[in-house]
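# Structural characterization, general
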Amino acid sequence: RVRRAHHPRLGRASAGEALMLRRAARKTILFVVAVFAVGCLWELYKLIGPVDGGTVFGWRVIPKSSDRAMPHTWDMVARLLEPENRSGGSPIAVTVAGYSWYTLRLAAAGLAIGGLVGIGLAVLMARWRIASRAILPWVIMSQTVPLIALAPQVVSWSGKIDLFGWEWPRWASVCALAAFLSFFPVAVGTLKGLTSVPAASLELMDTYAVPWRVTLLKLRFPAAVPFIIPSLKLAATLSVVGVIVSEISTGIRGGIGRAVISYQQASTGDAEKIYAAVFGAAALGLALFGSVVLLDVIVNRNRPKEATS
């Protein structure tokens, strides 16, 4: 009888894949439970909350629980399957998916641009300390500028900038605003990762006279991956927020931000309609966040795991 040899590396790989699947299943179950809990809390407040809201120390901070302000969760979900206009047409979920797809492309472009700019600034600041002292305060200060105030200025570039025959479109302004929000966490997280390398490892590279570029690629960047991925997750959500706020501020058509405005105008007689756009924006943020999680799985699939006791 021939007995098959057990390969230890294959065994570790299968065990790692099984562990990854269990973690993914657990996170999915927890997400579903969390969504269900939020829906229960929503219905509970609608049941016991004041219809016209309330005040605390003279401030109106208690929200209304009327059907116009807080529709039932099952009514909001059922509205997704109904036509966008009561007279007929495609389901509102299909229309919102089209708006979300347009916004997703702009947010992904903004995330890519912001990520590249953030990583580039982090490398520059990690290379020269004087660059860190000069650039980092401006990077921090940039996040204090209100996006609503900045959006009209950036949109005004449309038709005024000509790059080698390519005229700056309005959607490029939205991508630039999304990149403006998303580059900050990437720059800070990458800088933290690049400077987290143990001094002994750097001294060893210096002993062998390894060029800084090789040290960056072979030592600093691998050590910075656990810092870059979380910063990209945060940047992904900020990119979506930047695109939606920019769409609302500039009035650009085709995205979920514009849908929020148009659906808000019909919220008096169709309160559930505005929440369809809110669901689309939430799904959009989860989709872009999930893409970064997938990138994390691909990048770290062969990364050695720390032993746990």
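The following refers to the structure shown. (Residues numbered from 1 in each chain as written. Predicted model: local features only at pLDDT ≥ 70, side-chain atom pairs only at ≥ 80, totals over all residues. Heavy atoms only, no water.)

Any two side chains of opposite charge can pair, on the condition that their charged atoms come close. Summed over the entire model, instances satisfying the criterion amount to 3 salt bridges. When the shortest N-O distance is used, the salt bridge between K46 and D67 registers 2.6 Å. One end of the pair, K46, is in helix 1 (residues 8–48); the other, D67, is in the loop between strand 2 (59–62) and helix 2 (73–80), with 21 residues separating them in the sequence. Among the ionic pairs, K233 bridges to D296, the shortest N-O distance being 4.0 Å. (Salt bridge = Lys/Arg side-chain N within 4 Å of Asp/Glu carboxyl O. Helix = DSSP H or I, 4+ residues; strand = E, 2+ residues; numbered from the N terminus.)

Across the interface, helix 3 (residues 92–127) lies against helix 4 (residues 129–142) with an axial gap of 6 Å and an inter-helix angle of 140 degrees. Relative to helix 4, helix 3 is oriented oblique. Residues L121, L124, M125 and R127 of helix 3 pack against R129, A131, S132, I135, L136 and V139 of helix 4. Grouping the amino acids of the contact of helix 3 with helix 4 by side-chain chemistry returns 7 nonpolar, 1 polar and 2 charged. (Axes fitted to C-alpha atoms, helices over the stretch in contact; angles between N-to-C directions. Parallel < 35°, antiparallel > 145°, perpendicular 65-115°, else oblique. Contact = heavy atoms within 4.5 Å. Nonpolar A, V, L, I, M, F, W, Y, C, P; charged D, E, K, R; others polar.)

Another point: helix 9 (residues 256–265). Buried within helix 9 we find I256, G257, A259 and Y263. On an axial view of helix 9, the arc spanned by its buried residues comes to 155 degrees, and they lie on one face. Where helix 9 is buried, its residues meet strand 3 (83–85), helix 3, helix 8 (212–250) and helix 10 (271–299). (Buried < 20%, exposed > 50% of the residue type's maximum accessible area, 1.4 Å probe, protein only. Arc of directions from axis to C-beta.)

Phi at A209 takes a positive value of approximately 55 degrees, unusual for a residue other than glycine. Along the chain, A209 falls in the loop between helix 7 (199–207) and helix 8. By relative accessible area, A209 is classed as exposed at 62%.

Let us now look at the layout of surface pockets. Put simply, the second largest pocket is a space of about 490 Å³. If you go around the second largest pocket, you meet 17 residues; those closest to its centre are V35, F36, V38, G39 and F279. Elements supplying a minimum of two residues to the lining of the second largest pocket: helix 1, helix 2 and helix 10. Among the residues making up the lining of the second largest pocket, the classes are represented as 14 nonpolar, 2 polar and 1 charged. (1 Å grid on protein atoms, 1.4 Å probe; cavity = no way out; pocket = protein on both sides within 12 Å on 5 of 7 lines; lining within 4 Å. Points joined across faces, edges and corners; volume = space filled by probe spheres on them.)

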